[in-house]
Amino acid sequence: MKSLAKKQNNKLITSIAVAAILLLLPIILSVTGNSYSILVLGFIIIYIIAVSGLDVNFGYCGQISMGHAAYYCIGAYGSVMLHHYFGIPVIITMILASILAAVLGAIVAFPASKLVFHFLSLSTIAFAEIVYTLVLNSPGKITGNAVGMFTDPINIFGYTLRSNTAFYYFGLVVCAVFLLVKWFLVKSKIGRAWIAIRENEDAAEGMGVNVVKYKVMAFAFSAFYTGFAGAMYAHLVNYIGPDTFTMKQSVMFITMMLFGGTGSILGPIIGSMFILLMTESLRVLEQYQMLVFGVILLAVVLAFPGGILGVVKDVIKKIKLKKGGVKNVVRN
Amino acid sequence: MLLEIKNLCLSFGGLKATNDVSIAMEEGKVYALIGPNGAGKTTFFNLISGVYKPDSGTITFDGQRLDGKRPYQVNEAGIARTYQVINLFKKMTVLDNVKVGMHTKLKSGFIQSMFHTKSQQAEEAAIIDKAMDLLAFVGLKNHMNDLAGDLSYGQQRLLEIVRAMASEPKLILLDEPAAGMNSTEKVELNVLIRKILARGITVLLVEHDMKLVMNIADHIFVLNHGQKLAEGSPLEIQNNPKVIEAYLGGGAKK
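Residues numbered from 1 in each chain as written. Chains lettered and ligands numbered in written order. Predicted model: local features only at pLDDT ≥ 70, side-chain atom pairs only at ≥ 80, totals over all residues. Heavy atoms only, no water.

Visitor: Can you walk me through the overall build of chain A in this structure?
Guide: The helix and strand inventory of chain A stands at 13 helices and four strands. Radius of gyration (C-alpha) of chain A: 20 Å, near the 20 Å computed for a compact globule of 332 residues. The dimensions of chain A, computed from C-alpha atoms along their principal axes, are 65 × 55 × 40 Å. The 332 residues of chain A split such that 52% are buried. Sequence separation of at least 24 residues holds for 77% of the intrachain contacts in chain A that already meet a minimum separation of 6. (Helix = DSSP H or I, 4+ residues; strand = E, 2+ residues; numbered from the N terminus. Rg over C-alpha atoms; globule rule 2.2 N^0.38 Å. Buried < 20%, exposed > 50% of the residue type's maximum accessible area, 1.4 Å probe, protein only. Contact = heavy atoms within 4.5 Å.)

Visitor: So what exactly am I meant to see when it comes to the overall build of chain B here?
Guide: Along its length, chain B carries ten helices and ten strands. Over its C-alpha atoms chain B spans a radius of gyration of 19 Å, differing by no more than 12% from the 18 Å that the globule rule assigns to 254 residues. The principal-axis extent of the C-alpha atoms belonging to chain B is close to 70 × 40 × 30 Å. Of the contacts made within chain B by residues no fewer than 6 positions apart, 67% connect residues no fewer than 24 positions apart. Taking the average location of the 29 positive side-chain charges in chain B and that of its 27 negative ones, the two points are 2 Å from each other. (Lys, Arg positive; Asp, Glu negative; His and termini not counted. Charge placed at Lys NZ, Arg CZ, Asp CG, Glu CD.)

Visitor: Is there a simple way to explain the pairing of strand β2 (residues 15-25) of chain B in this structure?
Guide: Residues and elements named next belong to chain B. When strand β1 (residues 3-12) meets β2, the two strands line up antiparallel, connected through seven bridges. Among the inter-strand pairings, L8 is bridged to a residue of β2, identified as V21. Hairpin connection, β1 to β2: the antiparallel pair is bridged by two residues, and G13 has positive phi, about 60 degrees. (Pairing = 2+ DSSP bridges.)

Visitor: Is there a simple way to explain helix α4 (residues 90-112) of chain A in this structure?
Guide: Working note: α-helix, 3.6 residues per turn, so residues spaced by three or four point in the same direction. All names here are of chain A. With 23 residues, α4 should cover 33 Å at 1.5 Å per step; its first-to-last C-alpha distance of 32 Å lies within 8% of that length. Listed as buried for α4 are V90, I91, T93, M94, A97, S98, A101, A102, G105, V108, A109 and A112. Looking at the packing, one finds that the buried side of α4 touches α3 (69-86), α5 (117-136), β2 (155-156), α6 (164-186) and α9 (211-237). (Expected span 1.5 Å × (residues − 1).)

Visitor: Any chance you could explain a nonpolar patch on the surface here in plain terms?
Guide: Residue and element names in this part refer to chain A. On the surface, a nonpolar cluster with roughly 490 Å² of combined accessible area is contributed by I92, I95, L96, I99, V103 and I107. Within the secondary structure layout, I92 lies in helix α4. Using a relative accessible area of 41% as the deciding quantity, one classes I92 as partly exposed. (Patch = residues over 30% accessible without salt bridge, like charges linked within 9 Å, V, L, I, M, F, W, Y side chains within 5 Å. Areas by Shrake-Rupley, 256 points an atom, 1.4 Å probe, with all protein chains shown as cover. Salt bridge = Lys/Arg side-chain N within 4 Å of Asp/Glu carboxyl O.)

Visitor: Can you help me understand the packing of aromatic side chains in this one?
Guide: The relative placement of two aromatic rings is captured by the distance of their centres and the angle of their planes. Counted under the stated rule, the structure contains 23 aromatic pairs over all chains. Taking the centre distance of 6.5 Å and the plane angle of 20 degrees together, the rings of A:F224 and A:F228 count as stacked. A residue pair is termed a helical-turn pair when its members lie 3 or 4 positions apart in one helix, as A:F224 and A:F228 do in helix α9 at four residues. Cation over ring: B:R199 sits above B:F137, and NZ or CZ is 4.4 Å from the ring centre. (Phe/Tyr/Trp six-rings, centres within 6.5 Å; stacked < 30°, edge-to-face > 60°. Lys NZ or Arg CZ within 6 Å of the ring centre and 35° of its normal.)

Visitor: When you look at the environment of A:L136 in this model, what are you seeing that I'm missing?
Guide: Mapped onto the fold, A:L136 is located in helix α5. Ignoring anything within four residues of it in the chain, the contact list for A:L136 reads A:N145, A:A146 and A:P242.

Visitor: Help me understand the sheet that holds strand β5 (residues 64-65) of chain B, please; the structure alone is not making it clear to me.
Guide: Across a sheet, paired strands are connected by hydrogen bonds in the backbone, their directions being either parallel or antiparallel. Residues and elements named next belong to chain B. Here we have four strands laid out as an open sheet, ordered β2-β1-β4-β5, and antiparallel in their pairing. Of all the strands in the sheet, just β2 and β5 have a single pairing partner and so form its edges. Here helix α1 (residues 41-48) sits on the sheet and contacts β1, β2 and β4 (56-61); the angle it forms with β1, its principal contact strand, is near 115 degrees. (Axes fitted to C-alpha atoms, helices over the stretch in contact; angles between N-to-C directions.)

Visitor: Teacher, can you tell me more about the environment of A:K320 here?
Guide: In this structure, A:K320 sits in helix α13 (residues 307-323). Placed 172 residues apart in sequence, A:K320 and A:G148 show a C-alpha to C-alpha distance of 54 Å.

Visitor: Would you mind going over helix α2 (residues 35-60) of chain A with me for this structure?
Guide: Residues and elements named next belong to chain A. The terminal C-alpha atoms of α2, which comprises 26 residues, lie 37 Å apart, in line with the 38 Å expected from a rise of 1.5 Å per residue. At L54, α2 shows its maximal kink, close to 30 degrees. Immediately downstream of α2, the backbone of G62 shows phi near 80 degrees, a positive value. (Bend = angle between axes of the 7 residues up to and from the residue.)

Visitor: Looking at this structure, I do not really get the interface of chain A and chain B. What am I missing?
Guide: Accessible area lost during the coming together of the parts is what is often quoted as the interface size. Counting from both sides, the interface comprises 28 residues of chain A and, opposite them, 34 residues of chain B. Taken over both partners, the interface formed by chain A and chain B buries close to 2,700 Å², and the fraction arising from carbon and sulfur atoms is 61%. In this structure, A:E205 and B:R70 form a salt bridge, with 3.4 Å as the shortest nitrogen-oxygen distance. Where chain A meets chain B, there are 13 residue pairs in polar contact (both at pLDDT 80 or more). Taken together, the elements giving at least two residues each to the side of chain A that touches chain B come down to α6, α7 (189-199), α8 (201-206) and α9 of chain A. No other element matches α7(A), which puts eight residues into the side of chain A that touches chain B. Across the side of chain A that touches chain B, the residue classes tally to 15 nonpolar, five polar and eight charged. (Buried area = accessible area lost by both parts, 1.4 Å probe. Polar contact = N/O pair within 3.5 Å; in protein donor to acceptor, adjacent residues only side chain to side chain. Nonpolar A, V, L, I, M, F, W, Y, C, P; charged D, E, K, R; others polar.)

Visitor: What is the right way to read the pattern of salt bridges from this model?
Guide: Between side chains of opposite charge, pairing is possible as soon as their charged atoms come close. All names here are of chain B. Enumeration according to the criterion identifies 15 salt bridges over all chains in this entry. For K170, the salt bridge goes to D62, with nearest N and O atoms at 2.5 Å. Here D62 lies in the loop between β4 and β5 and K170 lies in the loop between α6 (153-165) and β7 (171-175), a separation of 108 residues in the sequence.

Visitor: Honestly, the nonpolar core in this entry has me stumped. Any pointers?
Guide: For soluble globular proteins, the rule of thumb is that nonpolar side chains tend to be buried together. Core analysis: the biggest nonpolar cluster contains 106 residues, and A:I46, A:I49, A:M94, A:F170, A:W194, A:M232 and A:I240 have the highest contact counts within it. Apart from the residues lying within four places of it in its own chain, the contact partners of A:M232 are A:I45, A:I46, A:I49, A:M94, A:F167, A:F170, A:G171 and A:V174. Residues B:A80, B:L174, B:M181 and B:V213 belong to the second largest nonpolar core, which totals 49 residues. (Core = buried A, V, L, I, M, F, W, Y, C linked by side-chain atoms within 4.5 Å.)

Visitor: How should I be thinking about the packing of α2(A) against helix α10 (residues 247-260) of chain A in this particular structure?
Guide: A packed helix pair is summarised by two numbers, namely the angle formed by the two axes and the spacing between the axes. Residue and element names in this part refer to chain A. Across the interface, α2 lies against α10 with an axial gap of 9 Å and an inter-helix angle of 75 degrees. Between α2 and α10, the interaxial angle falls into the category roughly perpendicular. The segment α2 lies against α10, with Y47, A50, V51, L54, D55 and F58 engaging Q249, M252, F253, I254, M256, M257 and L258. (Parallel < 35°, antiparallel > 145°, perpendicular 65-115°, else oblique.)

Visitor: Sorry if this is basic, but what is going on with the sheet that holds strand β6 (residues 79-81) of chain B here?
Guide: All names here are of chain B. The six strands are arranged β6-β7-β8-β3-β9-β10 in an open sheet whose pairing can be described as mixed. Bordering the open sheet on either side are β6 and β10 (227-232), each of which pairs with just one other strand. In this sheet, neighbouring strand axes are inclined to one another by 20 degrees on average, regardless of whether the strands run parallel or antiparallel. In this sheet, β10 lies alongside strand β9 (residues 219-224) in antiparallel orientation, the contact comprising five bridges. The residue bridging N224 from the neighbouring strand is Q227, located in β10. Strands in contact with α6 are β6 and β7; relative to β7, the strand with the most contacts, it is inclined by about 155 degrees. In the packing of helix α10 (residues 241-248) onto the sheet, contacts are made with β3 (30-34), β9 and β10, and the angle to β10 comes to roughly 130 degrees.

Visitor: Can you walk me through the environment of B:S108 in this structure?
Guide: With respect to the secondary-structure elements, B:S108 resides in the loop between α3 (94-101) and α4 (110-115). Assessed through its relative accessible area of 7%, B:S108 is described here as buried. Setting aside residues up to four positions removed in sequence, B:S108 forms contacts with A:K189, B:S113, B:S119, B:Q120 and B:E123.

Have a look at this one:
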């Protein structure tokens, strides 16, 4: 009992420390005169949300999506266009656009739920291409086609998030909420059903899980996250164009997810941070980005399928095993 | 009648895998389905559990028509099953495997789960006790935090059975539960099936181990070439010349 209290105490101290660092980060960065870094932090948050969504679909439910850029795109363009054409306040358009992404995700998922792995990945790529092509060649140029669209910053009840620092704090709160909801869901009946489907679809159905319904649910939920991330991106950068929403974006999401570790809360956080910082620091190699991603993906799949998180878990497990008995090994 | 199957037929191309089979089962008994290899036993199981849709015929369970229903709906109606090949969720813990088995009994939906409401928390806390109780029933309580894939073969078979029991079924279908078990484990299985029955769950099992079947079944159905060859008590089946012929081949006739 004593050790349990101590453990909880340690957890509390760690969370307070992490929270303090996250809150103070922009101040530290602005003192050192590195304001661009705050923008990068904003991007990291956006990617964490997008990749966390993708992870629900792949890591938990076992459905691959090679075209999540489509939902990122729908979230971004949806929010910007709703604001631009109908004058709806930006924060509401972000939610509406994410719901739209979720609905389209569900529509794609319904027939796709009957497909096995490689056919599913093909159909998701096809959907992403359709969305990209529509944005690039929209009827009446409502998306601005190749020219793109200018966007307004996020406005919450009259307060406009003009600075990157303001966006960072907004993103931090949103990200915390999204991660918490994901945590609640994956630990519930819903999450167990998703994992059961990933592990053994026939047995899941035999245990009373409506497999099609839960697959569609995972897909829609995942699309909502990625859609919201897209909307956040659109209102952060002041301009969106179709080039952001190509296959390259989908591959980036997948690389981040696999690199960090699938089927977890921490994995997408680690993966997004690492891959984004890497691409930012390797700007010179931008034209080789896909090549770098390809190499990383291969390395992960072949050498450490659990991602960075899997490697860390293995190391901790080994240390604990050495220390004392199998019984103390904490899973998950 | 708990389960009443009338004139059930299913063909795969030209092969009549299940041909005009009718059976009826009462509550509170152990039934066994036997037959030579390829007789269509597993196909028949898959028809009851909704994996296959019958071409014709009816399945009535507890006053409810089940033919054409999907497997998850059959489970909801109160029929749970195990599989011939172990079909556990290998990377989930033993406890979580049982919790998945309780899926249909949990009332919390997406919204309650998403916001982690009080009622959802209470429900989650309550099922842990129930799951532990079930695991204790087959002696797997000490393994509840192990991954299902790490259990021994015999333990995995037991977990399959409790996972099926977790949905509180009225009828449990056991597809070759003794396959791969040693003689001690088979004796334990015999006891376990009696205990399942004592919990008010009717049992239908497919099994090749005749000693086990003759020992435990109240009533036996014999399938051959997709048709029902005979049915009756173990004693009647043992002395049925048609059954002996099917098992030993026509040459055994004197």
